[in-house]
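# Structural characterization, general
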Amino acid sequence: MQELAIIEAPSVLGLRPSGVQDLPAALLDAGLRVHPGAVWAGRVEAPAYDPMRDADTGILNPVGIAQYSVRLADLVGSVLDAGRFPVVLGGDCSILIGNLLALRRRGRYGLLFLDGHTDFYQPSAEPAGEAASMELALATGRGPRLLTDLEGRGPLLRDEDVVAFGFRDSAESATAGMQPLPPQLHAIDLDGVRAAGAASAARHAVGRLTGGKSAGYWVHLDVDVLDDAIMPAVDYRLPGGLTWPELESVLRTALAGERAVGLDVTIFNPHLDPEGTIAARLTECLSRGLSARTDR
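As a starting point, this report considers the structure included with it. Worth saying up front: this structure is predicted, and the values here are computed from it rather than measured.

Okay, the overall build of the protein chain next. The helix and strand tally for the protein chain stands at 10 helices and 8 strands. Its C-alpha atoms give the protein chain a radius of gyration of 17 Å, near enough to 19 Å, the size a compact globule of 296 residues would have. With the C-alpha coordinates of the protein chain rotated into their principal frame, the extents come out at 50 × 45 × 40 Å. Taking all 296 residues of the protein chain together, 59% fall into the buried category. For the protein chain, long-range pairs separated by at least 24 residues make up 79% of all intrachain contacts whose partners lie at least 6 apart in sequence. A total of about 10,900 Å² of accessible surface is found on the protein chain, and carbon and sulfur atoms cover 52% of it. Taking the average location of the 26 positive side-chain charges in the protein chain and that of its 38 negative ones, the two points are 8 Å from each other.

Pasting the structure below:
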């Protein structure tokens, strides 16, 4: 059984302090801390939030995000060096950059990107300058160098080593003027997931990620990939999305793979779940998905 190492990464530098910073506490209190084989590995605090958009990059808190990413990468790296499986609890989606930097220091890795949005905005098209709407673009080398070339290692990902899975924002992002996904980045939108079936689509995604030259893959989960009817506790809502059983099936398939190296969870806002019922259901889903890792 591979030990799970839970890391708290409550940064909202790429969004705003709306409540997402309390995601780690909510999920740990809901039972994730007692998942079999799980240990607490630490917490990386974010620098102070600056609500002013940076004039040079067009992004909120770019220096803070760069600094935070390096510190988070250090902790994720220590977990990987110990042979543990990092489970990183955000925070907003910009924490993905630090997780990927930890992997980039070790070589070439891929990404299974589970998100209701493609998060491929360029700063000029992102209305508020939020890096949480740009992290996939930044990770593939598109954007200001401050965030695309950390430690001189950019880009963190090659296009062909990414699968964007379950998104449903194509019409919205096109209207906003978001740059298109590159042709080598494999995309399976919500309709594609439904056409194939969640488990089959997940197997296809894992096949893509393990069929190339990367050493393994990270799994990024933005909880707004779930149906808005069952996951309203997010800051940017969209109709539709995956069901709980579909997400569980995807996670179990992805995390069971020998070459899966880590997971992050982002964007759940406990302030929009005052009774804690959604946190409990999300924790149950995560635990079932992670059991594919710990029950082997």
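Between side chains of opposite charge, a pair can form as their charged atoms come close. Overall, the coordinates contain 19 salt bridges when judged by the stated rule. With a closest N to O distance of 3.7 Å, Asp235 and Arg16 form a salt bridge. One end of the pair, Asp235, is in the loop between strand E7 (217-222) and helix H9 (244-256); the other, Arg16, is in the loop between strand E1 (4-8) and helix H1 (23-29), and 219 residues separate them in sequence. Note that Glu45 and Arg43 form a salt bridge whose closest N and O atoms lie 2.5 Å from each other.

Between helix H2 (residues 62-81) and helix H3 (residues 95-104), the shortest axis-to-axis distance is 7 Å and the interhelical angle comes to 50°. Between H2 and H3, the interaxial angle falls into the category oblique. For H2 against H3, the interelement crossing comes out right-handed. For the pair H2 and H3, the contacting residues are Ile65, Tyr68, Ser69, Val70, Leu72, Ala73, Val76, Gly77 and Leu80 in the first and Ile95, Ile97, Gly98, Asn99, Leu101, Ala102 and Leu103 in the second. Residue composition of the contact of H2 with H3, grouped by class: 12 nonpolar, 4 polar and no charged.

Sheet architecture is open: 8 strands sit in the order E2-E1-E3-E8-E7-E4-E5-E6, paired in parallel fashion. In this open sheet, the two strands that pair with only one neighbour each are strand E2 (38-43) and strand E6 (186-188). If you compare each strand with its neighbour and ignore which way they point, the axes differ by 15° on average. Where strand E4 (residues 110-114) meets strand E5 (residues 162-165), 4 bridges bridge the pair, whose relative direction is parallel. Paired with Phe113 across the strands is Ala164, a residue of E5.

Glancing now at the nonpolar core. By size, the foremost hydrophobic cluster in this structure holds 56 residues, and its most contacted members are Leu27, Phe165, Met231 and Phe268. Excluding its chain neighbours within four sequence positions, the residues that come into contact with Met231 are Val223, Leu226, Trp244, Phe268, Ile278 and Leu282. Grouped together as the second largest cluster of nonpolar side chains are 46 residues, Ile59, Tyr68, Phe113 and Ala137 included.

The next thing to look at is the packing of helix H8 (residues 198-210) against H9. In the contact formed by H8 and H9, the axes pass within 9 Å of each other and the chain directions differ by 30°. Classed by the angle they form, the pair H8 and H9 counts as roughly parallel. With respect to the hand of their crossing, H8 and H9 are arranged in right-handed fashion. Where H8 abuts H9, its residues Ala198, Ala199, Ala202, Arg203 and Val206 lie against Glu246, Ser249, Val250, Thr253 and Ala254. In terms of residue class, the contact of H8 with H9 is made up of 6 nonpolar, 2 polar and 2 charged.

Looking at where His186 falls in the secondary structure, it is placed in strand E6. Given a relative accessible area of 18%, His186 falls into the buried group. Those residues in contact with His186 that lie beyond four places of it in its chain are Val162, Val163, Ala164, His204 and Arg208.

Rules and cut-offs
- Residues numbered from 1 in each chain as written.
- Predicted model: local features only at pLDDT ≥ 70, side-chain atom pairs only at ≥ 80, totals over all residues.
- Heavy atoms only, no water.
- Helix = DSSP H or I, 4+ residues; strand = E, 2+ residues; numbered from the N terminus.
- Rg over C-alpha atoms; globule rule 2.2 N^0.38 Å.
- Buried < 20%, exposed > 50% of the residue type's maximum accessible area, 1.4 Å probe, protein only.
- Contact = heavy atoms within 4.5 Å.
- Areas by Shrake-Rupley, 256 points an atom, 1.4 Å probe, with all protein chains shown as cover.
- Lys, Arg positive; Asp, Glu negative; His and termini not counted.
- Charge placed at Lys NZ, Arg CZ, Asp CG, Glu CD.
- Salt bridge = Lys/Arg side-chain N within 4 Å of Asp/Glu carboxyl O.
- Axes fitted to C-alpha atoms, helices over the stretch in contact; angles between N-to-C directions.
- Parallel < 35°, antiparallel > 145°, perpendicular 65-115°, else oblique.
- Left-handed = near helix turned anticlockwise from the far one by under 90°.
- Nonpolar A, V, L, I, M, F, W, Y, C, P; charged D, E, K, R; others polar.
- Pairing = 2+ DSSP bridges.
- Core = buried A, V, L, I, M, F, W, Y, C linked by side-chain atoms within 4.5 Å.

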